[in-house]
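Understanding the architecture of this molecule
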Amino acid sequence: MATEITKILKKRKSVILERWMKNQLTDETLREDLISNEELRAESEELIDILTKSLNETNLTDPDSSDFDHVIEILGGISLSRAKQGFSPRETGLYVMSLKETLLQILQEEVKDPADLIAATLNLSRLIDNFSIITFETFIKGREEVILRQTDEITEISTPVIRVWDGILALPIIGTLDSARTQVVMESLLTEIVESGSSVAILDISGVPTVDSLVAQHLLKTVSATRLMGAECVISGIRPEIAQTIVHLGIDLSDIVTKASLASALSFAFATLKVEVKKVAR
Amino acid sequence: MRLMITKIISLNKDKMSIAKEQDVVPFRNRVKEYAIKIKMSLVNQTKLITAASELGRNMLRYANGGKVLIEIVSLGRQHGIRLTFDDQGPGIPDIQLAMNDGYSTGKSLGLGLPGAKRLVNEFEIKSELGVGTKVTITKWANG
């Protein structure tokens, strides 16, 4: 009988917490390095508290009931924070799984009629299983957020504009040049040209593994935009194999100044600015 | 005298699907791994990877993605990589026109198909309107 289950669980709330804590603390996967016992206890207590409060006879058989919104919210918060703290999916999953074990133990002690016990066990299992699935879903979402943040960081890191000399900017491009990257590169280059009043920009593609027609098109666009700003753009870092590939592909880079190395691009820039670098005889 | 029949034998194969822009880079890396495995020279590697990148991007852009079969093939003593790009896109109405330099229905340089052809040793394209396009390219290790 469902009425009984919720009553039993409410009545033995503190026992459930004690046993659950014991289960968790004796488990091998306990991560004392990541979470302290007190924190774990507070988390668990809150969850049981909310769970027993929102549980009643009608929603016991309906895991999608909106009564559990609060429980799901707390579970979501727990697994999100665990994903970010570096818990493994197994450790996070076991947190909810071990609660199920405890609850079923209590039921076994309290419900004597076998048929009632099975019915109660099935209902409770379904409910807690649903909670575990939610835990996993939010756990993965948490990890994805970490990945997304890293992707953003990589895009930011990899497009620095360097002032190598008064009036000369260098922009080393590392990785694949896709549409999104080109946008970032172009924006930061053009802004820096205005800010520094530079007249030569060097795009170094030593770190670009493949130059296909799309990458070439993006490079050409960046060069044209730079020229519109009144600066000359030099592409450097063209490796021998890239040069051969560009020729076979049929990309026309003849009206762009290209150099094999950053050093030769720099000396071209010096020549353009009529700057002479020489050794001083002492 | 015994007649020698030289036939292309496929030794190792792998299938990858390209469904979004982020799939292009892993695909290129996989092709590179295969090329290194058969000791392809750096220039040929770069040519093959660039051709693969062009065709992969074409597939994404015009057919909303598709599948690529990567194979290590051998012909007599020669080893090579064969890539088969298969999509279920709208097809190409005029292949001859599409193979012209600078022709593009999108806003690209129009070098993908003709450029890829120049970068590899063998190039074959079949397309049926409304059914899809299949491009097969082969690059030999010392070709």
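Scoring rules and cut-offs
- What you see as residue numbers is a count from 1 along each chain, following the sequence as written.
- Here chains are named by letter from A upward and ligands by number from 1 upward, in the order in which they appear as written.
- Selection of residues for local features in this predicted model requires a pLDDT of at least 70, selection of side-chain atom pairs for listing and counting requires 80 or more, and totals for whole chains, interfaces and linings are taken over all residues.
- The way it works is that DSSP assigns letters per residue, a run of H or I at least four long becomes a helix, a run of E at least two long becomes a strand, and they are numbered from the N terminus.
- C-beta atoms are placed from the backbone for every residue, and two residues are taken to be in contact when these atoms lie within 7 Å.
- For this classification, Asp, Glu, Lys and Arg are treated as charged, while Ala, Val, Leu, Ile, Met, Phe, Trp, Tyr, Cys and Pro are nonpolar and the rest, including Gly, are polar.
- Strand pairing requires that DSSP identify at least two bridges connecting the strands.
- Every axis in this analysis is a line fitted to C-alpha atoms, fitted for helices over the stretch in contact. Angles between the N-to-C directions lie between 0 and 180 degrees.
- Small angles under 35 degrees read as roughly parallel and large ones over 145 as roughly antiparallel, with 65 to 115 read as roughly perpendicular and the rest as oblique.
- The handedness criterion is simple: a crossing whose near helix is rotated anticlockwise from the far helix by less than a right angle is left-handed, and one whose near helix is rotated clockwise is right-handed.
- Scored between 0 and 100, pLDDT is the confidence that the predictor attaches to each residue.
- Note on burial: count the other C-beta atoms lying within 10 Å of the residue's C-beta; 20 or more is buried, 12 or fewer is exposed, in between is partly exposed, and C-beta positions come from the backbone.
- Handedness is read with the strands pointing away from the viewer; a crossover is right-handed when the path from the first strand over the helix to the second is clockwise.

Focus: the environment of Asn37(A)
Examined against the element boundaries, Asn37(A) turns out to sit in helix H3 (residues 37–54). Between the alpha carbons of Asn37(A) and Gln24(A) there is a distance of 9.7 Å; along the sequence they are 13 residues apart.

Let's talk about the interface of chain A and chain B
Every contact between the two is made by 16 residues of chain A and, on the other side, 21 residues of chain B. Secondary structure elements with two or more residues in the side of chain A that touches chain B: helix H8 (213–228) and helix H9 (240–249) of chain A. When residues of the side of chain A that touches chain B are assigned to their parent elements, the largest contribution, six residues, is made by H9(A). Looking at the side of chain A that touches chain B residue by residue, the classes come out as five nonpolar, eight polar and three charged.

A short note on the sheet that holds strand E4 (residues 122–128) of chain B
Residue and element names in this part refer to chain B. Sheet architecture is open: five strands sit in the order E1-E2-E3-E5-E4, paired in antiparallel fashion. Only two strands of the sheet have a single neighbouring strand rather than two, namely strand E1 (9–18) and E4. Pairs of neighbouring strands in the sheet enclose a mean axial angle of 15°, with direction left out of account. Inspection of the sheet shows strand E2 (residues 66–75) paired to strand E3 (residues 78–87) by 10 bridges, in the antiparallel sense.

Comments concerning the pairing of strand E5 (residues 132–140) of chain B
Residues and elements named next belong to chain B. Sheet topology note: the E3/E5 ladder contains eight bridges and is antiparallel. From the neighbouring strand, Gly-80 faces E5, where its bridge partner is Trp-140. Where E4 lies against E5, seven bridges are found, and the strand directions are antiparallel. Paired with Glu-124 across the strands is Thr-136, a residue of E5.

Some thoughts on the packing of H9(A) against helix H2 (residues 42–63) of chain B
Where H9(A) contacts H2(B), the axes come no closer than 9 Å and their chain directions differ by 45°. Of the possible angle classes, the one that applies to H9(A) and H2(B) is oblique. Every pair of crossing elements has a handedness; the one defined by H9(A) and H2(B) is right-handed. Packed against H9(A), whose contacting residues are Glu241(A), Ile242(A), Gln244(A), Thr245(A), His248(A) and Leu249(A), the element H2(B) presents Leu42(B), Val43(B), Thr46(B), Lys47(B) and Thr50(B) at the interface. Its residues assigned to classes, the contact of H9(A) with H2(B) shows four nonpolar, five polar and two charged.

Here's the deal with the confidence of the model for chain A
Taken as a whole, chain A shows an average pLDDT of 84; of its residues, 96% reach a score of 70 or greater. Within chain A, helix H1 (residues 2–11) of chain A has the poorest average pLDDT of any element, 72, and strand E4 (residues 232–236) of chain A the best, 94.

A closer look at the pairing of strand E2 (residues 168–174) of chain A
Residue and element names in this part refer to chain A. In terms of burial, E2 is largely enclosed, as five of its seven residues are buried. In terms of strand pairing, strand E1 (residues 162–165) meets E2 through three bridges, oriented antiparallel. Opposite Ile-162, over in E2, you have Ala-170 as the bridge partner. Here E1 folds back onto E2, and the loop between the two strands holds two residues, one of which, Gly-167, carries a positive phi near 90°. Where E2 meets strand E3 (residues 200–207), six bridges bridge the pair, whose relative direction is parallel. By the bridge assignment, Ile-168 is partnered in E3 with Val-200. In terms of handedness, the path from E2 via helix H7 (residues 179–196) over to E3 forms a crossover that is right-handed.

Comments concerning the sheet that holds E4(A)
All names here are of chain A. Reading across from one edge, E1-E2-E3-E4-E5 is the order of the five strands in this open sheet, with mixed pairing throughout. The sheet is open, and its two borders are formed by E1 and strand E5 (257–258), each paired with just one other strand. Set on the sheet, H7 makes contact with E1, E2 and E3; between it and E2 the angle comes to about 165°. Docked against the sheet, helix H10 (residues 262–272) engages E1, E2, E3, E4 and E5, running at close to 175° with respect to E3.

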